[in-house]
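A look at the structure
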Amino acid sequence: MNYAQENRTDISSMSIEDIQNEIIDEFSMFEDWEERYQYMIDLGKDLPLIDDQFKTDSNIIKGCQSKVWVHAELTGDKIEFTADSDAIITKGIIAILIRSFSNQHPKDIINANTDFIDQIGLKEHLSPTRANGLVSMIKQLKLYAVAYQTQLK
């Protein structure tokens, strides 16, 4: 069991803000970015993996340097995300976002603030192309939420 598994709370009933605050707390425990990168890699290993049938070009997030596949499914009135990436850091980044947004109501995802990314210092420690990819990932997850929100009305 890695650190990410040991310190995870059951998030199924937590709000997006509570999950993001938990992520901020977790990242603040590390003294340097080498440890934070290792933690992101560990989070990526725990990512709810996308089923191979959904690893298609239509599920690739445009604007990412690496390949990142995301699939969203509406279960009841909440969205469940699964994903994968061919790069370990990128896999950790999408894992953080999915942890924040999965099993949440589409409206909450649409209205969610993503300042926690800045608070953990992630954006400033990414290359420009990875930072652009991060923005593309957030945009895609919110687009899924918009699409599913219209189905719920």
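Since the model is a prediction, treat every value here as computed from it, not as a measurement.

Moving on, we get to the packing of helix H3 (residues 33–45) against helix H4 (residues 88–101). Interaxial distance between H3 and H4 falls to 7 Å at its minimum, and their mutual angle equals 70°. By the criterion of interaxial angle, the relationship of H3 to H4 is roughly perpendicular. Residue-level inspection shows Tyr37, Tyr39, Met40, Ile41, Leu43 and Gly44 of H3 in contact with H4, the latter providing Ile88, Ile89, Lys91, Gly92, Ile93, Ala95, Ile96 and Arg99.

Mapped onto this numbering, the UniProt entry gives "domain: Fe-S metabolism associated" (unreviewed entry) at residues 25–142. Counted over residues 25–142, helix gives 47% and strand 14%. Its end C-alpha atoms are 24 Å apart.

Turning our eyes to something else, we now look at the environment of glutamine 20. Checked against the element boundaries, glutamine 20 lands in helix H2 (residues 16–28). Overall, glutamine 20 belongs to the buried group, its relative accessible area being 7%. The spacing of glutamine 20 and isoleucine 79 is 59 residues in sequence and 17 Å in space, taken between C-alpha atoms. Once residues lying within four places of it in the same chain are set aside, the contact partners of glutamine 20 are Ser100, Phe101, Asn113 and Phe116.

What follows deals with empty space enclosed by the protein. Summed over the entire model, instances satisfying the criterion amount to one cavity of 30 Å³ or more. Considering the residues around the largest cavity, the lining is formed by Cys64, Gln65, Ser66, Thr90, Ile93, Thr129, Arg130, Gly133, Leu134 and Met137. Elements represented by at least two residues in the lining of the largest cavity include exactly H4 and helix H7 (128–152). Broken down by element, the lining of the largest cavity gets its largest block of residues, five residues, from H7. Taken together, the residues that form the lining of the largest cavity break down as four nonpolar, five polar and one charged.

Our focus in this paragraph is the packing of aromatic side chains. Within this structure, the stated rule accounts for five aromatic pairs. Centre to centre, the rings of phenylalanine 27 and tryptophan 33 are 6.4 Å apart; their planes meet at 45°, and the pair counts as tilted. Residue tryptophan 33 is classed as buried on the basis of its relative accessible area, which comes to 12%. When the centroid spacing of 6.2 Å and the interplanar angle of 65° are considered together, the rings of phenylalanine 81 and tyrosine 144 count as edge-to-face. One end of the pair, phenylalanine 81, is in strand S2 (residues 78–85); the other, tyrosine 144, is in helix H7, with 63 residues separating them in the sequence. Looking at phenylalanine 81, the relative accessible area reads 1%, which means it is buried. An aromatic cluster is present here, built from Phe27, Phe30, Trp33, Tyr37 and Tyr39 joined pairwise through their rings. Above the ring of tryptophan 69, the side-chain terminus of lysine 55 is found at 4.9 Å from the ring centroid.

Calculation rules
Residues numbered from 1 in each chain as written. Predicted model: local features only at pLDDT ≥ 70, side-chain atom pairs only at ≥ 80, totals over all residues. Heavy atoms only, no water. Axes fitted to C-alpha atoms, helices over the stretch in contact; angles between N-to-C directions. Helix = DSSP H or I, 4+ residues; strand = E, 2+ residues; numbered from the N terminus. Parallel < 35°, antiparallel > 145°, perpendicular 65-115°, else oblique. Contact = heavy atoms within 4.5 Å. UniProt positions renumbered as here; feature names shortened; annotations may be inferred. Buried < 20%, exposed > 50% of the residue type's maximum accessible area, 1.4 Å probe, protein only. 1 Å grid on protein atoms, 1.4 Å probe; cavity = no way out; pocket = protein on both sides within 12 Å on 5 of 7 lines; lining within 4 Å. Points joined across faces, edges and corners; volume = space filled by probe spheres on them. Nonpolar A, V, L, I, M, F, W, Y, C, P; charged D, E, K, R; others polar. Phe/Tyr/Trp six-rings, centres within 6.5 Å; stacked < 30°, edge-to-face > 60°. Lys NZ or Arg CZ within 6 Å of the ring centre and 35° of its normal.

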